[in-house]
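Listed below are the residues making up each chain.
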4 protein chains.
Amino acid sequence: MVGEEERRKAAFEAGIKLGALFHQFIGAPVSFENVEILEKAMESCMRLQPYVIDAEVKIDREKLGEKLSEFEYTSLSMEMIEARVEVEVKGEKASAVLKWDEEKRYPLMRLE
Amino acid sequence: MVGEEERRKAAFEAGIKLGALFHQFIGAPVSFENVEILEKAMESCMRLQPYVIDAEVKIDREKLGEKLSEFEYTSLSMEMIEARVEVEVKGEKASAVLKWDEEKRYPLMRLE
Amino acid sequence: MVGEEERRKAAFEAGIKLGALFHQFIGAPVSFENVEILEKAMESCMRLQPYVIDAEVKIDREKLGEKLSEFEYTSLSMEMIEARVEVEVKGEKASAVLKWDEEKRYPLMRLE
Amino acid sequence: MVGEEERRKAAFEAGIKLGALFHQFIGAPVSFENVEILEKAMESCMRLQPYVIDAEVKIDREKLGEKLSEFEYTSLSMEMIEARVEVEVKGEKASAVLKWDEEKRYPLMRLE
């Protein structure tokens with residue numbers, strides 16, 4: 001089927017980017033002071049990677065606020081990270097998102 | 001086309017696993033003493049993840065030997081990691097590999 | 001004062017090891033199936049580093065059980081990691097521990 | 001001796017920060033495009049941590065240039081990271097640096 005190989009490759013590349021983002025940055029010190037710069041840095045890392053045409057990262061402020069330690073910061077955790085990446089392989093696009101699923105208690109990644 | 005959605009999802013899931021592996025473990029202290037246990041731990045992490053039916057990790061001993069510091073160990077680096085993962089989504093399988101590409105100077109991940 | 005420089009250096013080296021351990025491994029996929037091999041791999045990484053004479057890592061099974069996702073595993077999180085490291089610099093020893101402090105909501109590292 | 005305990009604790013805290021920085025960020029995608037934002041994010045993470053009064057991170061542009069892949073970026077590697085952190089514990093300060101040591105082939109961390 002025309003384009004199927006490219007669509008599979010686009011899906012594969014989108015998966016790489018979300019897996020990489022999560023495991024690179026989880027654990028990073030974060031507070032209301034540096035949350036924006038951390039989001040921007042995380043996005044910038046995704047945008048460098050092959051086939052990426054767009055990337056967006058959001059750290060959930062409400063969950064961040066709930067997790068703050070006595071020292072007014074915490075470690076970036078799986079509940080807080082939201083991301084979307086769009087990739088394109090020879091004209092075939094794939095878009096994928098990462099978002100905490102409260103019911104599954106899992107940082108779910110899925111193709112849109 | 002029958003199964004295309006599942007094939008795309010299988011490719012996506014394979015990508016997640018390789019991206020995750022690389023970015024979780026790069027930087028880990030490694031020498032000839034703990035290289036086997038580190039490989040086993042890395043494989044064990046891949047096998048836990050959804051849809052994975054097989055996973056294999058090899059750390060290149062030759063490159064490890066070349067990179068050792070004066071303290072007889074080094075940090076796991078992108079040149080050294082080789083991995084293969086096989087996933088299955090509703091009967092559709094995908095297999096993907098991670099291997100250093102000397103010409104591209106890049107830890108290339110690709111679907112097989 | 002005799003040995004003060006070595007005691008400071010021993011404390012510094014102990015700090016490096018705990019900071020490294022936490023930020024290298026947080027996020028790793030973990031379940032009751034691979035918790036032992038992950039602990040062993042984490043310990044093996046600490047033991048390779050300069051001045052380390054002993055290292056111990058425990059992942060809290062109770063917290064692990066509480067955090068499991070629908071997929072029967074989770075990501076290694078700051079609440080679960082306990083570690084002790086002993087270093088020696090020119091005869092001066094330092095011992096340090098990492099343990100979740102529920103009151104401070106913080107993975108506290110301290111010299112013993 | 002007056003202040004010795006605080007000096008040891010300051011050294012310990014400085015060690016934690018350098019160990020954490022290295023193992024959190026090694027592996028992050030980096031190029032000339034995002035090197036500054038990555039440095040700023042890394043510094044911001046250090047500044048949040050207890051007792052830190054100053055922090056500076058430099059990624060070596062020359063080594064970055066040498067390591068670029070065919071895709072015009074690379075993974076942040078141990079040769080490229082330079083950092084300095086200053087901490088203060090009850091009036092006692094400690095300053096520590098991380099810098100690649102070419103002879104030892106090692107990312108050396110030391111108290112100043």
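Residues numbered from 1 in each chain as written. Chains lettered and ligands numbered in written order. Predicted model: local features only at pLDDT ≥ 70, side-chain atom pairs only at ≥ 80, totals over all residues. Heavy atoms only, no water.

Asker: A description of the relation of the copies chain A and chain D should follow, citing residues and the corresponding values.
Answerer: Rotating chain A by 180 degrees and moving it 0.0 Å along the rotation axis overlays it on chain D with an RMSD of 0.0 Å. Overall, the copies show the geometry of a two-fold rotation axis. No C-alpha of chain A lies nearer the rotation axis than that of Ala 41 of chain A, which sits 3.2 Å from it. Looking at the interface residues of chain A, 100% of them are also at the interface in chain D, so both copies use one shared face. (Least-squares fit on C-alpha atoms with pLDDT ≥ 70 in both. Contact = heavy atoms within 4.5 Å.)

Asker: Tell me about the packing of aromatic side chains, and please be specific about residues and values.
Answerer: A complete count under the given rule lists ten aromatic pairs over all chains for this structure. Centroid distance Tyr 73 of chain A to Tyr 106 of chain C: 5.8 Å. Interplanar angle 75 degrees. Geometry classified as edge-to-face. With Tyr 73 of chain A in the loop between α3 (61–67) and β3 (74–75) and Tyr 106 of chain C in strand β6 (residues 106–111), this residue pair bridges two chains. Each of the two residues, Tyr 73 of chain A as well as Tyr 106 of chain C, counts as buried. (Phe/Tyr/Trp six-rings, centres within 6.5 Å; stacked < 30°, edge-to-face > 60°. Helix = DSSP H or I, 4+ residues; strand = E, 2+ residues; numbered from the N terminus. Buried < 20%, exposed > 50% of the residue type's maximum accessible area, 1.4 Å probe, protein only.)

Asker: Quick rundown of the interface of chain B and chain A? Include the residues and the values.
Answerer: Chain B puts 24 residues into the contact, and the matching count from chain A is 24 residues. For the chain B face of the interface with chain A, the top three residues by lost area are Arg 8, Phe 12 and His 23 of chain B, together amounting to 34%. The tally of links between chain B and chain A comes to two salt bridges. Measuring nitrogen to oxygen at the nearest pair gives 2.6 Å for the salt bridge that ties Glu 4 of chain A to Arg 7 of chain B. (Buried area = accessible area lost by both parts, 1.4 Å probe. Salt bridge = Lys/Arg side-chain N within 4 Å of Asp/Glu carboxyl O.)

Asker: Can you tell me about the side chain of His 23 of chain C, naming the residues and giving the values?
Answerer: Note on placement: His 23 of chain C falls in helix α1 (residues 4–25). Looking at His 23 of chain C, the relative accessible area reads 7%, which means it is buried. For His 23 of chain C, the residues in contact, after removing those within four places along its chain, are Gly 27 and Pro 29 of chain A together with Ala 20, His 23 and Gln 24 of chain D.

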